[in-house]
Amino acid sequence: MSNLVREQWAVVKWILVYLKGTSRVHLRYGFGKPMLEGFPDMSGDVNSSRSTSGYVMTYAGGAVSWQSRLQKPVALLTTKAEYIATVEVGKELIWMKNFLSKLGMKQERFLLHCDNQSAIHLAKNVAYHSRTNHIQRRYHWLREKVDDGEFALVKIHTDDNGSDMLTKNLLMDRLRVCRQRTGLADFFPQE
């Protein structure tokens, strides 16, 4: 805290501005269907060659679980990084599905939204792909769960994916869309 340089003061100022701007934000529920849905996303880092996976799980229009972390393996292709991110949210979806069933809540269809068409094709096609043989077998767990009908893997447009805010720097308009998709709202509207 002593002898801070200009760059460090800029970071502290940014944090304080962020906290002031989000002090009225809260999670709200009940504005969507009572359905558990997962939204994975990923972003690549040019410097470290590692991707950041992020996901948001929503129920009744509000986020109930979220995560953002660096992927352990270095993904050679965007498809692989998206596939790995989708596997992680798939695991969380299964856990949440079992949790809801223990609470006595039934749901017919569980949705896992993905904004990468190649990752969806990879998960749905069990045929051998020569270009994807480097993907570790443990990530093909996703194929098994989709085939078993544990959840449906569906395409979502990138603009509708609320988990973008966990993996990317966004402009304010895009951040507002992500907040709305995950159930974040202003507690007291600005005057």
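(A) Structural context of the side chain of Arg-179. Among the structural elements, Arg-179 can be located in helix α5 (residues 172-181). Using a relative accessible area of 15% as the deciding quantity, one classes Arg-179 as buried. At a separation of 3.1 Å, a polar atom in the side chain of Arg-179 contacts the side chain of Asp-186. Non-local contacts of Arg-179, meaning those with residues more than four positions away in its chain, are made with Val-25, Met-165, Leu-184 and Asp-186.

(B) How the structure looks around the layout of surface pockets. The calculated volume of the largest pocket comes to roughly 610 Å³. As for the largest pocket, its lining consists of 17 residues, and the residues nearest its centre are Tyr-18, Thr-22, Met-172, Leu-175 and Arg-179. Breaking the lining of the largest pocket down by element, the ones donating at least two residues are α1 (6-22), α5 and β7 (184-186). For the lining of the largest pocket, the class distribution of residues is nine nonpolar, four polar and four charged. Here the second largest pocket defines a volume of roughly 330 Å³. The wall of the second largest pocket is formed by 14 residues, among which Gly-32, Lys-33, Glu-37, Gly-61 and Arg-181 lie closest to the centre. Of all the secondary-structure elements, those providing two or more residues to the lining of the second largest pocket are β2 (36-44), β3 (51-59) and α5. Among the residues making up the lining of the second largest pocket, the classes are represented as five nonpolar, five polar and four charged.

(C) Structural detail: the packing of helix α2 (residues 78-102) against helix α3 (residues 117-124). Viewed as axis vectors pointing N to C, α2 and α3 meet at an angle of 65°, and their least axial separation amounts to 8 Å. By the angle class used here, α2 and α3 are roughly perpendicular. Every pair of crossing elements has a handedness; the one defined by α2 and α3 is right-handed. In contact with Thr-79, Glu-82 and Tyr-83 of α2, α3 contributes Ser-118, Ala-119, Leu-122 and Ala-123. Taken together, the residues that form the contact of α2 with α3 break down as four nonpolar, two polar and one charged.

(D) Quick peek at the sheet that holds β2. Strand order in the open sheet made by the five strands is β4-β3-β2-β5-β6, with mixed pairing throughout. Bordering the open sheet on either side are β4 (62-70) and β6 (152-155), each of which pairs with just one other strand. Across the sheet, the axes of successive neighbouring strands diverge by a mean angle of 20°, strand direction being ignored. When strand β5 (residues 111-114) meets β6, the two strands line up parallel, connected through four bridges. Across the sheet, the residue bridging to His-113 is Val-154, located in β6.

(E) Geometry of the nonpolar core. Core analysis: the largest hydrophobic core is formed by 23 residues, its most contacted members being Leu-36, Met-57, Leu-93, Leu-112, Leu-142, Phe-151 and Leu-153. The set of elements that each furnish at least two residues to this core consists of β3, α2, β5, α3 and α4 (141-148). The element best represented in this core is α2, accounting for seven residues. Contacts of Leu-36, omitting those with residues within four sequence positions, involve Met-57, Thr-58, Tyr-59, Val-64, Leu-93, Met-96, Lys-97, Leu-100, Gln-107, Phe-110 and Leu-111.

Reading the values: rules and limits
Residues numbered from 1 in each chain as written. Predicted model: local features only at pLDDT ≥ 70, side-chain atom pairs only at ≥ 80, totals over all residues. Heavy atoms only, no water. Helix = DSSP H or I, 4+ residues; strand = E, 2+ residues; numbered from the N terminus. Buried < 20%, exposed > 50% of the residue type's maximum accessible area, 1.4 Å probe, protein only. Polar contact = N/O pair within 3.5 Å; in protein donor to acceptor, adjacent residues only side chain to side chain. Contact = heavy atoms within 4.5 Å. 1 Å grid on protein atoms, 1.4 Å probe; cavity = no way out; pocket = protein on both sides within 12 Å on 5 of 7 lines; lining within 4 Å. Points joined across faces, edges and corners; volume = space filled by probe spheres on them. Nonpolar A, V, L, I, M, F, W, Y, C, P; charged D, E, K, R; others polar. Axes fitted to C-alpha atoms, helices over the stretch in contact; angles between N-to-C directions. Parallel < 35°, antiparallel > 145°, perpendicular 65-115°, else oblique. Left-handed = near helix turned anticlockwise from the far one by under 90°. Pairing = 2+ DSSP bridges. Core = buried A, V, L, I, M, F, W, Y, C linked by side-chain atoms within 4.5 Å.

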